[in-house]
Amino acid sequence: MTREGQRSAAVAAVGVALVASLAAVPAEAQVRWDRGQNVAPVYEGWTQNDDGSYTLYFGYLNRNYRETPHIPLGEANFFEPGPPDRGQPTHFYPRRQQFVFTVEVPAEFGDGERDLVWTLTPAGRTDKAYGSIWLSWELDGGVLRANRGMGLQGAPADNQRPDISLPGGTELEVTLPDTLTLTAVVSDDGIPGPRPPARAPSDARAAAAARLRASLPSPNNQAVVSARVAGETGLALTWTQYRGSGAATFDPQAIPVEGGRGGEAVTTVRFDEPGTYVLRGYADDSIQTTPVDVTVTVHPAATSP
């Protein structure tokens, strides 16, 4: 049987098994769990680069509504074949987080017989995401835009990625209980620009929308939140905790840049425990994003003599 035939048979078998397992799941499976559930890696798709290489996109589904697990690199969080560390996160926000990171693979990967596999094993359950160059998984501007909650229309052909720089550098230190101030300079070509103003909703619709927002846990889907903030002015910077066993809190987390062309974006970060953290900022024009990583060494509070 060909590789495609094997894959089709496997998918069919999984579908049958899933239907059978769902039939046996008790009603308790519909409960919204705050914590204790697994984190499933997700392969989002691929794009091809000008030199023939490929960019593979990955995200994840944290099935918890509140818990943000730390899954350290190693036997519970790794890639294969090749280097086990492909830049994946170790800090996992609740629920579905899309297009979190990318992995570059050479042109010959498209002809290979092996997938690039990301394995996560939290809460006693192992899940895998299989990165393959299937035609059905190719991404374009329309897919990216729709999955970021910005409609079905694709990216303008001349849209460029925003730029971001950190005047203070990307290797920083802070000593508890002090906070850290992050200043970034972001710029963009002004495309696609701010989204058109929406018609004012009726009082009933506004009240329903407010109730829905209040019912949602926070943080929600980071990519969608970032894109919507960027849509207000055409450009924004959103910070996330990417690695680190403690918790980093941002105030604010998403910062719109007035004018949509460029400027400074400032946020304050508070850490709950010492350690080494990686903070990832996304300069965002509502379609394209440019990430930057900042490594922060958090020292414990000085002890009294």
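Scroll up for the structure.
Quick caveat: nothing in here was measured; it's all calculated off a predicted structure.

Engineer: Sorry if this is basic, but what is going on with the sheet that holds strand E5 (residues 116–120) here?
Structural biologist: In a beta sheet, neighbouring strands pair by backbone hydrogen bonds and run either parallel or antiparallel. Judged by pairing direction, the sheet is antiparallel, and its three strands sit side by side in the order E3-E5-E6 without closing on themselves. The outermost strands of the open sheet, each flanked by one partner alone, are strand E3 (77–80) and strand E6 (127–131). Strand-to-strand twist across the sheet, computed as the mean angle between neighbouring axes with direction ignored, equals 15°. Here E3 pairs with E5 via four bridges, running antiparallel. Along E5, the bridge assignment pairs Phe78 with Thr119.

Engineer: Teacher, can you tell me more about the pattern of salt bridges here?
Structural biologist: A side chain of one charge can pair with a side chain of the opposite charge when the charged atoms of the two come close. Overall, the coordinates contain four salt bridges when judged by the stated rule. For Arg96, the salt bridge is made with Glu44, and the minimal N-O distance between the two is 2.8 Å. Highlighted residues: Arg96 in strand E4 (residues 95–105) and Glu44 in strand E1 (residues 39–48), separated in sequence by 52 residues. What makes Glu44 buried here is its relative accessible area of 10%.

Engineer: Just checking my understanding: could you explain the pairing of strand E2 (residues 54–62) for this structure?
Structural biologist: In the case of a regular strand, side chains alternate between the two sheet surfaces. Within E2, nine of the nine residues are buried, which leaves it mostly tucked inside the rest of the structure. Burial along E2 is two-sided: the face carrying Tyr54, Leu56, Phe58, Tyr60 and Asn62 and the face carrying Thr55, Tyr57, Gly59 and Leu61 are both buried. In terms of strand pairing, E1 meets E2 through nine bridges, oriented antiparallel. For Gln48, the partnering residue across the bridge sits in E2 and is Tyr54. Pairing geometry for E2 and E4, over eight bridges, is antiparallel. Within the sheet, the bridge partner assigned to Tyr57 lies in E4 and is Thr102.

Engineer: Would you explain the environment of Asp272 in this entry?
Structural biologist: Here Asp272 is to be found in the loop between strand E13 (262–271) and strand E14 (275–284). Those residues in contact with Asp272 that lie beyond four places of it in its chain are Gly246, Ala247 and Tyr277.

Engineer: Sorry, what's going on with the packing of aromatic side chains here?
Structural biologist: Both the distance between ring centres and the angle between the ring planes are used here to describe each pair of aromatic rings. One pass over the structure, following the stated rule, counts twelve aromatic pairs. An angle of 90° between the planes, with centres 6.1 Å apart, marks the rings of Phe58 and Trp118 as edge-to-face. A residue pair is termed long-range when its members are at least 10 positions apart, and Phe58 in strand E2 and Trp118 in strand E5 qualify at 60 residues. The pair formed by Phe58 and Trp118 is uniform in burial state, with each residue classed as buried. Between Phe271 and Tyr277 the ring centres are 4.8 Å apart and the planes differ by 55°, which places this aromatic pair in the tilted class. The two residues Phe271 and Tyr277 agree in class, both being buried. In textbook terms, an aromatic cluster arises when at least three aromatic residues are bridged by ring pairs, as seen for Tyr43, Phe58, Phe79, Phe101, Trp118 and Trp137. A cation over an aromatic ring shows up here: Arg95 above the ring of Tyr65, its NZ or CZ 4.0 Å from the ring centre. Over the aromatic face of Tyr242 sits the side chain of Arg280, whose NZ or CZ is 3.8 Å from the ring centroid.

Cut-offs and rules
Residues numbered from 1 in each chain as written. Predicted model: local features only at pLDDT ≥ 70, side-chain atom pairs only at ≥ 80, totals over all residues. Heavy atoms only, no water. Pairing = 2+ DSSP bridges. Helix = DSSP H or I, 4+ residues; strand = E, 2+ residues; numbered from the N terminus. Axes fitted to C-alpha atoms, helices over the stretch in contact; angles between N-to-C directions. Salt bridge = Lys/Arg side-chain N within 4 Å of Asp/Glu carboxyl O. Buried < 20%, exposed > 50% of the residue type's maximum accessible area, 1.4 Å probe, protein only. Contact = heavy atoms within 4.5 Å. Phe/Tyr/Trp six-rings, centres within 6.5 Å; stacked < 30°, edge-to-face > 60°. Lys NZ or Arg CZ within 6 Å of the ring centre and 35° of its normal.

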